[in-house]
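# An overview of the molecular structure
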Amino acid sequence: KSLPPPFRVVYMSRSKPLRRVMANEKDFIASLETLEMESDGGIVFSAVDPAEIPIGDQLKLFSTADLLMAPHGASLTWLVLQPPTCSQVIEFKATGNYHYENLAHYAGVSHRFLEARPPMAWGSSTFNANVPGAVEAVVAAKANWEECVKEIEWARAALL
């Protein structure tokens, strides 16, 4: 039996904007890189700043992601490229903004909020991620993805 494909996690940084920048982003990225190393090939993690990637590369990267993660912002629009059914989005929540939760719903992509510390409002300049909580959310997302992939494989086998 072949090994399952890796769970592809893409974090979209907001390092350049004036608002909603993750103050502890280095710790967050280091923790997810550690999770990737410990997964023995089960997780492939990328941290990117979409503003610094050519549009063709963005299309390729975001359309093959199993999990997109980002602070609330326009980069989350890329979730529409994710394959529906097993794909997921984790958004660091800006209070009262449900744009991407609604977009994910209509795109057939699972969406989850993670609370920012302090709570992030529209004009917030920075926030801190709950890094251990974010790592736990990625582990849970991977488990959900694996279950979804198994169900699809089972359904395909039943049709043959």
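This write-up is about the structure you can find in this document. Computed from a prediction, not measured in an experiment: that's the story for all the values here.

### Focus on the overall build of the protein
Along the protein, the regular secondary structure elements total four helices and eight strands. When the helices and strands of the protein are read in sequence order from the N terminus, they spell out β-β-α-β-α-β-β-α-β-β-β-α. Here the protein has a C-alpha radius of gyration of 16 Å; the compact-globule value for 160 residues is 15 Å, and the two agree. A principal-axis box enclosing the C-alpha atoms of the protein has dimensions of 55 × 35 × 30 Å. Going through the 160 residues of the protein one by one, you find that 43% of them count as buried. Of the roughly 8900 Å² that the protein leaves accessible, carbon and sulfur atoms contribute 58%.

### Considering the side chain of His 72
Tracing the backbone shows His 72 in the loop between strand S4 (67–71) and strand S5 (88–92). By relative accessible area, which is 2% here, His 72 ends up buried. One polar contact links His 72 to Glu 91, side chain to side chain, over a distance of 2.7 Å. Not counting residues up to four positions away in its chain, the partners in contact with His 72 are Arg 14, Arg 20, Glu 91, Phe 92, Ala 94, Asn 97, His 99, Tyr 100 and Trp 122.

### Details of the pattern of salt bridges
Taken as a whole and assessed by the stated rule, the structure comprises three salt bridges. Between Lys 142 and Glu 146 there is a salt bridge, and its shortest N-O distance comes to 2.3 Å. Pair noted here: Lys 142 and Glu 146 are both in helix H4 (residues 131–159), with a separation of four residues, about one helical turn. Classification of Lys 142 as buried rests on a relative accessible area of 16%.

### Points about the packing of helix H1 (residues 25–38) against H4
H4 packs onto H1 with a crossing angle of 35° between their chain directions and a minimal axis gap of 10 Å. Of the two possible hands of crossing, H1 and H4 adopt the one that is right-handed. Contacts between H1 and H4 involve Asp 27, Phe 28, Ser 31, Leu 32 and Leu 35 on the former and, on the latter, Val 131, Ala 134, Val 135, Val 138 and Val 139. For the contact of H1 with H4, the per-class residue count stands at eight nonpolar, one polar and one charged.

### Considering the sheet that holds S4
One open sheet holds the five strands; their spatial order is S3-S1-S4-S5-S6, and the pairing between them is parallel. What marks the edges here is a single partner per strand, and that holds for strand S3 (43–48) and strand S6 (110–114). Mean inter-strand twist for the sheet, computed between neighbouring axes without regard to direction, equals 15°. Sheet topology places strand S1 (residues 7–12) next to S3; six bridges connect them, and they run parallel.

### Some remarks on the environment of Pro 84
Mapped onto the elements, Pro 84 comes out in the loop between S4 and S5. Taking the C-alpha atoms as reference points, Pro 84 and Ala 116, 32 residues apart in sequence, are found 27 Å from one another.

### Comments concerning the sheet that holds strand S2 (residues 21–22)
On the basis of which strands lie adjacent, the open sheet formed by three strands has the order S2-S8-S7 and mixed pairing. Across the chains shown, the open sheet's two edge strands, defined by having one partner strand only, are S2 and strand S7 (116–117).

### Quick word on the pairing of strand S8 (residues 126–129)
Only one face of S8 is buried: it carries Phe 127 and Ala 129, and the other face, with Thr 126 and Asn 128, is open. Sheet topology note: the S7/S8 ladder contains two bridges and is antiparallel. Paired with Arg 117 across the bridge in S8 is Asn 128.

Cut-off values and rules
Residues numbered from 1 in each chain as written. Predicted model: local features only at pLDDT ≥ 70, side-chain atom pairs only at ≥ 80, totals over all residues. Heavy atoms only, no water. Helix = DSSP H or I, 4+ residues; strand = E, 2+ residues; numbered from the N terminus. Rg over C-alpha atoms; globule rule 2.2 N^0.38 Å. Buried < 20%, exposed > 50% of the residue type's maximum accessible area, 1.4 Å probe, protein only. Areas by Shrake-Rupley, 256 points an atom, 1.4 Å probe, with all protein chains shown as cover. Polar contact = N/O pair within 3.5 Å; in protein donor to acceptor, adjacent residues only side chain to side chain. Contact = heavy atoms within 4.5 Å. Salt bridge = Lys/Arg side-chain N within 4 Å of Asp/Glu carboxyl O. Axes fitted to C-alpha atoms, helices over the stretch in contact; angles between N-to-C directions. Left-handed = near helix turned anticlockwise from the far one by under 90°. Nonpolar A, V, L, I, M, F, W, Y, C, P; charged D, E, K, R; others polar. Pairing = 2+ DSSP bridges.

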